[in-house]
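Spelled out from the first residue to the last, the chains are:
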Amino acid sequence: MINDFLAKGIRLPEGRAEGQPDRFVYLDSNGNPQEVQVCFQNVTWSEPGETIGTYVQRSRNVMVLKRVTYSLAAMLDQQIDGRSDARFGRLRDVLYAGDHLVTTGQIWPLDDRMAYGTTTPDFRDEQQVAITTAYFLMTQ
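In this text the structure is predicted, and so the values were computed from the model without any measurement. (Residues numbered from 1 in each chain as written. Predicted model: local features only at pLDDT ≥ 70, side-chain atom pairs only at ≥ 80, totals over all residues. Heavy atoms only, no water.)

(A) Main features of the side chain of Asp85. Note that Asp85 resides in the loop between α2 (70-81) and β4 (91-93). Judged by its relative accessible area of 6%, Asp85 is buried. Among the polar contacts listed, one links the side chain of Asp85 to the side chain of Arg83, at a separation of 3.4 Å. With residues near it in sequence (within four places) discarded, Asp85 still touches Asp77, Leu91, Gly105, Gln106 and Trp108. (Helix = DSSP H or I, 4+ residues; strand = E, 2+ residues; numbered from the N terminus. Buried < 20%, exposed > 50% of the residue type's maximum accessible area, 1.4 Å probe, protein only. Polar contact = N/O pair within 3.5 Å; in protein donor to acceptor, adjacent residues only side chain to side chain. Contact = heavy atoms within 4.5 Å.)

What follows is the structure, given as structure tokens:
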């Protein structure tokens, strides 16, 4: 895909380093480095069905944001959708994007109190915080 972008005259972002335009490093809320990776993919996406309260699965193109903290995902979700919901809207958590059987929203399930690899709050500010993968629905 990178060669296709270059052939069409699309300048790539600098990224983390030479040859890694799909990666970017940022600091989590504890000041520890996190590396987010961006790619594009076709995934199963839950959308409203023909009747109220029903949802169907459709194949959609998304931007995949790998290794984002839950606080960053929730903040982006709030800015994009106007609310923070991991199951509905244009930005969703990987676990809920294609969930067509549930009709209620879902808050982002973890937060910065949870260390990487855990789901229990431990409030240690020196640990790397929990991360997830988020899907951003593309318009085409």
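What follows picks up the thread again.
(B) Spatial organisation of the pairing of strand β2 (residues 33-48). Inspection of the sheet shows strand β1 (residues 23-27) paired to β2 by 5 bridges, in the antiparallel sense. Looking at β2, one finds that Arg23 is bridged to Gln37. Linking β1 to β2, which pair antiparallel, is a turn of 5 residues; within it Gly31 sits at a positive phi near 85°. Pairing analysis gives 12 bridges linking β2 to strand β3 (residues 55-69), with the strands arranged antiparallel. (Pairing = 2+ DSSP bridges.)

(C) Looking closely at unusual backbone geometry. You will see that Arg67, though not glycine, has its phi angle at about 65°, which is positive. In this structure Arg67 comes out as partly exposed when scored by relative accessible area, which is 28%.

(D) Representation of the sheet that holds β2. Pairing is antiparallel in the open sheet, where 5 strands are placed in the order β1-β2-β3-β5-β4. Two strands close off the open sheet at either side, each with one partner strand: β1 and β4. Across the sheet, the mean angle separating the axes of adjacent strands is 40° when strand polarity is ignored. Pairing geometry for β4 and strand β5 (residues 131-137), over 3 bridges, is antiparallel. Paired with Arg92 across the strands is Tyr135, a residue of β5. Contacting β1, β3, β4 and β5, α2 runs over the sheet at an angle of about 130° to β3. (Axes fitted to C-alpha atoms, helices over the stretch in contact; angles between N-to-C directions.)

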